[in-house]
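An overview of the molecular structure
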Amino acid sequence: MQYIEITGAKKLSGSIRIHGAKNSALPLLAGSVLLGDECFLYDCPQLSDVTACAEIITQLGGKVSREGSTLTVNTAGINSAEISEELMNKMRSSIIFLGSLSAKHGSACVYLPGGCQIGARPIDLHIMALRALGYSITCDGNNICCRRASASGGTVRLPFASVGATENAILAAVLLDGTSTIINAAREPEIEDLAEFLNTAGAKISGAGSSIIEIEGVRSLSSVHHRIIPDRILAATIMSSVAATGGEAVLKNVRALHLSSVLPVFDEMGCKLFLGNNEIKIISNSRPRAVRSIVTGVYPSFPTDAQAPVMAALCRSKGTSRITETIFENRLRHTEELERFGADISVIGNTATIHGKPKLHAAEARCTDLRAGASVVIAALSAEGTSRIYDISHIDRGYEKIEDGLSMLGASVRRVNDEKGKQIKTENAQTGTHSGDGES
């Protein structure tokens, strides 16, 4: 059992490089299946979700190796198109392999996916998209099987601009004989990154980054070298940490355009922002100011993944802030964990009202999901005293050695291996309490 121990109330200062985007690396790995050849992914973060994707490729017969931040993937040896329950349960986004495996190998069967419990995240849009392209889908309650058969493309009309469904449709359409169109496609930067990766390999995709994407099918794809875009959510998390604790930091390898809906929020908090060439400098000289209203939405609206980290920073704001979550129905669960630090938050429906307080105190808290984990880390950074954060496997899904990055900025953060902590964590999970040395 590992936990993170943080001694807070220390200003952050220094520079940090933003690693490649987790939400881009995963569909790129699924896309590598279409190549049937070797590809090289640069700036690929070392995350448990990336490891899970690599395990899927390996289980199917492919090869994956890492040297530093470079991942080499060879899918020429893939001889199976069935993904086990064990691997599918590690992350919900593994459903993204359904489109690429079916397109490349004619059929695929995957177990219903698992992962973070932040909402229902139904896969009906994925199934609808694949069927619109001409694939046949069957489900026995445990496994979803997809067959290419005579699929030749078509028009996918998404009722909601789902990132995952858009990615699955792109992957499923690239090798079809006909031309496919995705209407109301997701516009996230990660969609553009996937299209660039595939186009470099020989695909013909246009319109990525807009609401209409067109894919002209090709016979095959070739080897490709690709650098993953910077992780905009990691950037928002670091900025939230600085806003919460005070100090200043320079974020390197970051694209300000991808943070166009996030930067105004930090302006409203009273932070000073300086945009440079692929870098952002943030200065926080005092307690954050309250933010009148944040509403999450599909890109280019405020990202749901940045909601929890920003909320943690607002717990010490001057005044009252409101955040409305419109993407996932269970994504305000972290408010209960933030309250362990003395935060004053009320939740009605899908809206959280945050009444800022001058000080937070140390506590023991747990990560209820990936971004919720980041929020309790930020709360601990700004709290007085020493806190412990449990269930940090969630954090490791999307943040590469978060303790190292924060330590580079002067935070007092360490990862602890503790068998006694395992017992504490297990007891807490059974009783719903958090016992230990810190305040609860």
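If you're wondering where the values come from, they're calculated on a predicted model, not measured in any experiment. (Residues numbered from 1 in each chain as written. Predicted model: local features only at pLDDT ≥ 70, side-chain atom pairs only at ≥ 80, totals over all residues. Heavy atoms only, no water.)

Quick word on the nonpolar core
Most often, soluble globular proteins have nonpolar side chains that are buried together. What counts is decided by this rule: Buried residues of nine kinds, namely Ala, Val, Leu, Ile, Met, Phe, Trp, Tyr and Cys, make up a nonpolar core once their side-chain atoms join them within 4.5 Å. Categorising residues by exposure relies on relative accessible area from a 1.4 Å probe, with only protein chains included: less than 20% of the type maximum marks a residue as buried, more than 50% marks it as exposed, and the intermediate range marks it as partly exposed. Every helix listed is a DSSP run of H or I at least four residues long, and every strand listed is a run of E at least two residues long, numbered separately from the N terminus. The contact definition used throughout considers only heavy atoms, calling two residues in contact when any of these lie within 4.5 Å.
Ranked by internal contacts, the top residues of the largest apolar core, which has 76 residues, are F97, I170, V174, L198 and L221. With 8 residues, the single largest contributor to this core is helix 1 (residues 22–35). Setting aside residues up to four positions removed in sequence, V174 forms contacts with L34, L198, A203, I205, I215, E216, G217, V218 and L221. In this structure, L12, I233, A235 and V262 belong to the second largest nonpolar core, which totals 67 residues.

A short note on the side chain of Q307
Here is the rule: The term polar contact refers here to a pair of N or O atoms within 3.5 Å; inside protein, the definition further demands a hydrogen-donor-capable atom paired with an acceptor-capable atom, and it admits residues adjacent in sequence only when both atoms are side-chain atoms.
The residue Q307 is located in helix 10 (residues 307–314) in this model. Look at Q307 and you get buried, because its relative accessible area is 0%. Within polar-contact distance, the side chain of Q307 engages the backbone oxygen of R331 at 3.0 Å. Those residues within four positions of Q307 in sequence are excluded, and the remaining contacts are T296, F302, I323, E325, R331, L332 and H334.

Considerations on the sheet that holds strand 10 (residues 155–157)
Heads up, the rule is: Pairing between strands is defined by DSSP: at least two bridges between the two strands are required. Helix axes are fitted to C-alpha atoms over the stretch in contact, other axes to C-alpha atoms as well, and angles between N-to-C directions run from 0 to 180 degrees.
Ordered in space as 10-11-13-12, the 4 strands form an open sheet in which the pairing is mixed. Whereas interior strands pair on both sides, the edge strands pair on one side only; in this sheet they are strand 10 and strand 12 (204–206). Each adjacent strand pair in this sheet contributes to an overall mean axis angle of 15 degrees, direction not counted. In terms of strand pairing, strand 10 meets strand 11 (residues 179–183) through 3 bridges, oriented parallel. Bridge pairing in strand 11 links V156 to I182.

A short note on the pairing of strand 3 (residues 38–42)
The pairing of strand 3 with strand 5 (residues 70–74) spans 4 bridges and is antiparallel. Residue pairing in the sheet places F40 in a bridge with T72 of strand 5. As defined by bridge partners, strand 3 adjoins strand 14 (residues 224–227) across 4 bridges and the pair is classed as parallel. Paired with F40 across the bridge in strand 14 is H225.

Looking at the confidence of the model for the protein chain
The cut-off we apply is this: Per residue, pLDDT measures the predictor's confidence, with a range of 0 to 100.
When pLDDT is averaged along the protein chain, the result is 92; 92% of the residues meet or exceed 70. Here residues 114–120 is modelled with pLDDT under 50, and outside its nearest four sequence neighbours on either side it reaches 27 contacts, counting other chains as well.

Examining helix 8 (residues 232–245)
Just so we agree on the cut-off: Every helix has an expected span of 1.5 Å times one less than the residues it contains.
Taking 1.5 Å of rise per residue, the 14 residues of helix 8 would be expected to cover 20 Å, and the 20 Å separating its terminal C-alpha atoms lies within 8% of that figure. By the criterion of burial, helix 8 is predominantly enclosed, with 14 of the 14 residues buried. Of the residues flanking the start of helix 8, the one acting as N-cap is D231, its side-chain oxygen 3.0 Å from the backbone nitrogen of I233. G246 lies just past helix 8 and shows a positive phi near 90 degrees.

Focus on the pairing of strand 21 (residues 351–355)
On a regular strand, one side chain projects to one face of the sheet and the next to the other, so that they alternate. Bridge count between strand 19 (residues 320–324) and strand 21: 5 bridges; the pairing is antiparallel. For I323, the partnering residue across the bridge sits in strand 21 and is A352. Where strand 20 (residues 344–348) and strand 21 come together, 5 bridges link them in antiparallel fashion. Each bridged residue has a counterpart across the sheet, and for D344 the counterpart in strand 21 is H355.

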